[in-house]
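Here are the chains, one letter per residue:
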Amino acid sequence: MWIYEKKLQYPVRIKRPNPKMAAAVLSQYGGPDGELAASLRYISQRHHMPIPEAKGMLNDIGTEELAHFEMVGAMVHQLMKGASIEEIKAAGAESWYTDHDRATWPGTGTGVPFTAAYIMSKGDPVADLVEDLAAEEKARATYEHLIDLADDPDVIDPLRWLREREVVHFQRFGEILNKIYEWKDSKKYY
Ligand SMILES: [Fe+2]
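Read on for an overview of the structure. (Residues numbered from 1 in each chain as written. Predicted model: local features only at pLDDT ≥ 70, side-chain atom pairs only at ≥ 80, totals over all residues.)

### Considering the overall build of the chain
As a reminder of what qualifies: Where helices and strands are cited, they refer to DSSP runs of H or I of at least four residues and of E of at least two residues respectively, numbered from the N terminus. Note on contacts: residues are paired as contacts if their backbone-placed C-beta atoms lie within 7 Å.
Summing up its helical and strand segments, the chain has eight helices and zero strands in all. Starting at the N terminus and walking to the C terminus, you meet the elements of the chain as α-α-α-α-α-α-α-α. Along the three orthogonal principal directions, the C-alpha set of the chain runs to about 65 × 30 × 30 Å. Within the chain, contacts between residues at least 6 apart in sequence are counted, and of these 78% link residues at least 24 apart.

Spelled out as structure tokens, the structure:
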């Protein structure tokens, strides 16, 4: 179970609406390398991990990714909130407005809906952890692309913080993969 804390993991205080940036950031909400995919991937994989440290770490990181999903949702909401119809049209966000008004929605800014096909849960601890390492690097690269596109310090600051967390997760997955190899060696069934 989870206990909800009524605050964001890191503050998001965007004052200036920017529908174009909202459409870009939305990819980290419901896109292929986004936070929803990350949390569902790790929380699903934890069940079949063979050692308690791997189960616990996937649970911890999957939980943190849910908190990032919440933060990215707040970013998208604040970037869309108060945007005028002129700003929405100038940003080319007419299709977003048609289907969702200014609402946050788990998909990409180009209208592709979230799908479980973005994630894998193979049942093999090495295969799954190697996927997790790649997922963290893809999320880091996506945050770097978003930082390149952003010009508002209120947007750049949480993006930088989120990018940093992906680097830490990559390191922790590397450590746990080594423990899985040790566990495999200790079984000596080859
Ligand atoms: Fe992560």
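### Here's the deal with the nonpolar core
Rule in force here: As used here, a nonpolar core is made of buried Ala, Val, Leu, Ile, Met, Phe, Trp, Tyr and Cys residues. They are joined through C-beta atoms within 7 Å. Exposure classification rests on a simple neighbour count of other C-beta atoms within 10 Å of a residue's own: a residue reaching 20 or more is buried, one at 12 or fewer is exposed, and one in between is partly exposed. C-beta atoms are placed from the backbone.
Within the largest apolar cluster, 40 residues are counted, with the highest numbers of intra-cluster contacts made by Ala22, Ala23, Val25, Val72, Met75, Val76 and Leu79. Every element with two or more residues in this core is listed here: helix H1 (19-25), helix H3 (35-45), helix H4 (52-80), helix H7 (125-149) and helix H8 (153-187). For this core, the leading source of residues is H4, giving eleven residues. Excluding anything up to four places from it in sequence, Leu79 contacts Ile14, Pro17, Asn18, Pro19, Met21, Ala22 and Val25.

### Brief notes about the packing of H4 against H8
To keep things clear, this is the line we draw: Whenever a helix is involved, its axis is fitted only over the stretch in contact; in every case the axis is a line through C-alpha atoms, and angles between N-to-C directions fall within 0 to 180 degrees. For classification purposes, angles smaller than 35 degrees are called roughly parallel, those larger than 145 roughly antiparallel, those between 65 and 115 roughly perpendicular, and all remaining angles oblique. Left-handed describes a crossing in which the near helix is turned anticlockwise from the far one by less than a right angle; the clockwise case is right-handed.
H8 packs onto H4 with a crossing angle of 165° between their chain directions and a minimal axis gap of 11 Å. Between H4 and H8, the angle falls in the class roughly antiparallel. As for the relative orientation of H4 and H8, their crossing is left-handed in sense. Of H8, the residues touching H4 (which contributes Glu53, Ala54, Met57, Ile61, His68, Met71 and Met75) are Val155, Pro158, Leu162, Arg165, His169, Arg172, Ile176, Lys179 and Ile180.

### Observations concerning H8
Because an α-helix completes one turn every 3.6 residues, residues spaced three or four positions apart along the sequence face the same direction. Keep this limit in mind: Here the expected length of a helix is defined as 1.5 Å per residue gap, with one fewer gap than residues.
Between its first and last C-alpha, H8 extends 52 Å over 35 residues, near the 51 Å set by a 1.5 Å rise per residue. Inspection of H8 places Val155, Pro158, Leu159, Leu162, Arg165, Glu166, His169, Phe173 and Ile176 among the buried residues, and these make up the whole buried set. Those residues of H8 hidden inside the fold are in contact with H1, H4 and H7.

### Description of the environment of Arg16
Among the structural elements, Arg16 can be located in the segment before H1. C-alpha separation for the pair Arg16 and Ala83, spaced 67 residues apart in sequence, amounts to 8.6 Å.

### Focus on H4
If you check H4, its first and last C-alpha atoms are 42 Å apart, about what 29 residues at 1.5 Å a residue would give, namely 42 Å. Just downstream of H4, Gly82 is the residue with a positive phi angle, here 80°.

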